[in-house]
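Chains, contacts and geometry: an overview
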Amino acid sequence: MEKYKKFIKPFIYSSIFIFFIIISYRSAKPRYKPDHFTDIFKDFSWLGNWPKWLDFPLMQPLNSGFDWLIVKYGLFFEGINNFLLGLYTTMKDSIVGLPWPIVIAIVIFITYFASGKKTNTTIMVAFCTFFLGFLSPRYWDKCIMTTCIVVIGMLLCIVVGIPIGIAMARNKRVRNALLPVLDLMQTIPSFCYLIPGILLFGLGAVPAIIAIFVYAVPPLIRLTDLGIRLVDKEVIEASEAFGANKKQTLWGVQIPLALPNIMQGINQCTMMSLAMVVIASMIGTRGIGDEVLLGLQQLNVGMATEAGIAIVLLAIIFDRITQSYGEKIQERTQVKKKI
Amino acid sequence: MSKIEIKNVYKIFGDQPSKVLPMVQDGATKEEILEKTGHTVGLDNVSLSIEEGETFVCMGLSGSGKSTLIRHINRLIDPTSGVVSVEGTNVMDLDQKNLIEFRRHKMSMVFQRFGLFPHKTVIENVGYGLEVQGQKPEERNKTSMEKIEAVGLSGFEHQYPNQLSGGMQQRVGLARALATNTDIMLMDEAFSALDPLIRSDMQKQLIALQSELKKTIFFITHDLDESLKLGDHIGILNHGKLVQVGTPIDIIMKPADDYVEAFVKDVNRAKVIKAKIIMTPANSSDGIDKSNLVKVHEDQFIDEFLPKVVCSNANCEIVDKEGAVKGYITEKELSKALTKEHMADAVKPPK
């Protein structure tokens, strides 16, 4: 009996499979169905016919579920909408209202201190910022809009993503439950996020922010989780052996040592946000993305390329600032040996 | 009462350790358990007691369960069955809060790969135990500085661990363990990652510190010389079983089984056997030529007085601290003690 144990499972699965084939034959349309059972082995057309009644439609229940959601929790979504929109408008208006030299000065200031006073990075970022304006004066305000959306989306990612990442690292069950969800979030084409966004929040900046959040938060969660789990086990043991409680170990040891990875996650998150916000121009989000869209609609190669260059410059600015901040932290935690 | 008592501790790694436990208790071997159930036996019925103020060295090859055993004492690992008690309190009965208090005030630990916090400076590392206790920075920096000086690292307190050499890093680890001023110190292969010269340096430092502080030390090593040097008692682990516990001399002279014998085979006996162990007591010393004598202190190792004896072709007179004659050693005893085959006969039970 012991000997045949390993054959039981394959036997069960293959009989289920054969059962489905029989069903598909039984429910085949008359024109596919052979008259005599010996024909089954000569005429295989019945095999090409999916049993129609086994079809499980997802579209209908999803649509009605969505309608129900809007009716029942409309107020809730409106609250989120108003909050994010208010945040976005205030931020955008205040930056657009500033004279451009001051904006550039602020960018230089942020870069200089975020990168740990690296002159080269600062000069490069400053140059990119200037060039945005030189490219076309029209781009200046649009870049600010895009930046505001990216920044708000990123903040949302950080506020939600990092605690989730920490929870995943500390609890195996949470990780097992969340990993498939993260996989799903990353494999569904980013366009699909825009549609529910429009239905729930209307056109404009808010659905873009929501789409950014869904699209860009998985890498941040994953890298936070990974960073915390990668902390040397002996260091954690040392912390515990000296009587640190869980909170002290987390804040005093795990998070500081995971910071380089978390910063990498934030960097990834920023880059993905920027990619998403360009796509979001298709649902009427104002920003540098509409210039590309406009160029596309008018078949104006020059216009699209010009806007494309602006996006690249913006990406370089974001990347340099977040990356160099991560490098600065890394230098502090892993000091190189001075000889 | 012993400082640390470990009674019938079993540790089984796997999905359902409690189901496998009866099998192990019935005497199934590690290989059988692994083959039948896929569980790994970490510790198999380990019992030992450690007295206050002594250095207990636990020795074994890698995979013998040494590191598992040491982690039971401060409950970084929970035993599958058995009792671990420290100063009479059963460690297993402590709830989370009391366990943390217990770890903070009762024992400290030194790690094989140092376990230092790379994002903290030396002084912050040393003060970590005090930091988690909630001490203010000024207070704990004062204590930390004292300990940094004690291990000879003054001047490096604001460096980061990565800027220090291995030996210096382990000194930081040692200072960190000393800073909380606990009675018990657990040292998990503390010197194994260091090169031989620095290792013997650190051993000397530990012996010097220990003679002053009189802590209870549970030391783990895979190096026999190290265990003979440091240990008041030595326990030898093999496949999770404690095969022999005894003083260094016991281990060398009367190995309990082949495994221990293989361990002690290549030991330089002259370095670990003291004069008082092989001497013929003074009251039964008739017939020994006492015309040509060399004075030897009873606590000296053979290799310390051997050259003198050989050069002058003399017999030894063993004296204690006050200079009173305790016994004699002739060529006969020396050759017996240093020849492997006659080991067991050469030993006379120390008084």
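Given the structure is predicted, the values throughout are model-derived calculations rather than measurements.

Take the nonpolar core next. Counting 69 residues, the largest nonpolar core has Tyr88(A), Leu132(A), Tyr139(A), Ile149(A), Cys157(A), Leu274(A) and Val277(A) as its most contacted members. Among the elements that take part in this core, helix H5 (residues 137-170) of chain A stands out by supplying 15 residues, more than any other. The contacts of Ile149(A), once residues within four sequence positions are left out, are Tyr88(A), Ala205(A), Ala208(A), Ile209(A), Ile212(A), Val277(A), Thr285(A) and Arg286(A). Ranked by size, the runner-up nonpolar core spans 60 residues in total, among them Val122(B), Val151(B), Ile252(B) and Val272(B).

The subject of this paragraph is helix H9 (residues 196-213) of chain B. All names here are of chain B. Between its first and last C-alpha atoms H9 spans 25 Å; for 18 residues at 1.5 Å apiece the expected length is 26 Å, and the two agree. On its buried face, H9 sits against strand E3 (55-59), helix H7 (137-150), helix H8 (166-179), strand E7 (184-188), strand E8 (216-221) and helix H10 (224-230). Taken from the residues just after H9, Lys214 is the one with a positive phi, measuring 55°.

Residue-level contacts link 24 residues of chain A with 30 residues of chain B. Of the roughly 2,300 Å² buried at the junction of chain A and chain B (both faces included), carbon and sulfur atoms supply 59%. Glu237(A) is the partner of Arg71(B) in a salt bridge, and the nearest nitrogen-oxygen pair spans 2.6 Å. Connecting chain A to chain B are nine residue pairs in polar contact (both at pLDDT 80 or more). Mapped onto the side of chain A that touches chain B, the elements with two or more residues apiece are helix H9 (233-241), helix H10 (246-279) and helix H12 (301-333) of chain A.

This part covers the packing of aromatic side chains. Here a ring pair, both rings aromatic, is described through the centre-centre distance and the interplanar angle of the planes. Residues and elements named next belong to chain B. For the structure on display, the rule yields 13 aromatic pairs over all chains. Taken together, a centroid distance of 4.4 Å and an interplanar angle of 50° make the contact between Phe117 and Tyr128 tilted. Of the two residues, Phe117 is situated in the loop between strand E6 (107-110) and helix H5 (122-126) and Tyr128 in helix H6 (residues 128-133); the sequence distance between them amounts to 11 residues. As far as the burial class goes, Phe117 and Tyr128 line up, both buried. On the basis of an interplanar angle of 55° and a centroid distance of 5.5 Å, the ring pair of Phe191 and Phe219 is categorised as tilted. Here Phe219 lies in strand E8 and Phe191 lies in the loop between E7 and H9, a separation of 28 residues in the sequence. By relative accessible area, Phe191 is classed as buried at 0%. We note Arg176 situated over the ring of Phe117; from NZ or CZ to the ring centre the distance is 5.2 Å.

Conventions and cut-offs
Residues numbered from 1 in each chain as written. Chains lettered and ligands numbered in written order. Predicted model: local features only at pLDDT ≥ 70, side-chain atom pairs only at ≥ 80, totals over all residues. Heavy atoms only, no water. Core = buried A, V, L, I, M, F, W, Y, C linked by side-chain atoms within 4.5 Å. Buried < 20%, exposed > 50% of the residue type's maximum accessible area, 1.4 Å probe, protein only. Helix = DSSP H or I, 4+ residues; strand = E, 2+ residues; numbered from the N terminus. Contact = heavy atoms within 4.5 Å. Expected span 1.5 Å × (residues − 1). Buried area = accessible area lost by both parts, 1.4 Å probe. Salt bridge = Lys/Arg side-chain N within 4 Å of Asp/Glu carboxyl O. Polar contact = N/O pair within 3.5 Å; in protein donor to acceptor, adjacent residues only side chain to side chain. Phe/Tyr/Trp six-rings, centres within 6.5 Å; stacked < 30°, edge-to-face > 60°. Lys NZ or Arg CZ within 6 Å of the ring centre and 35° of its normal.

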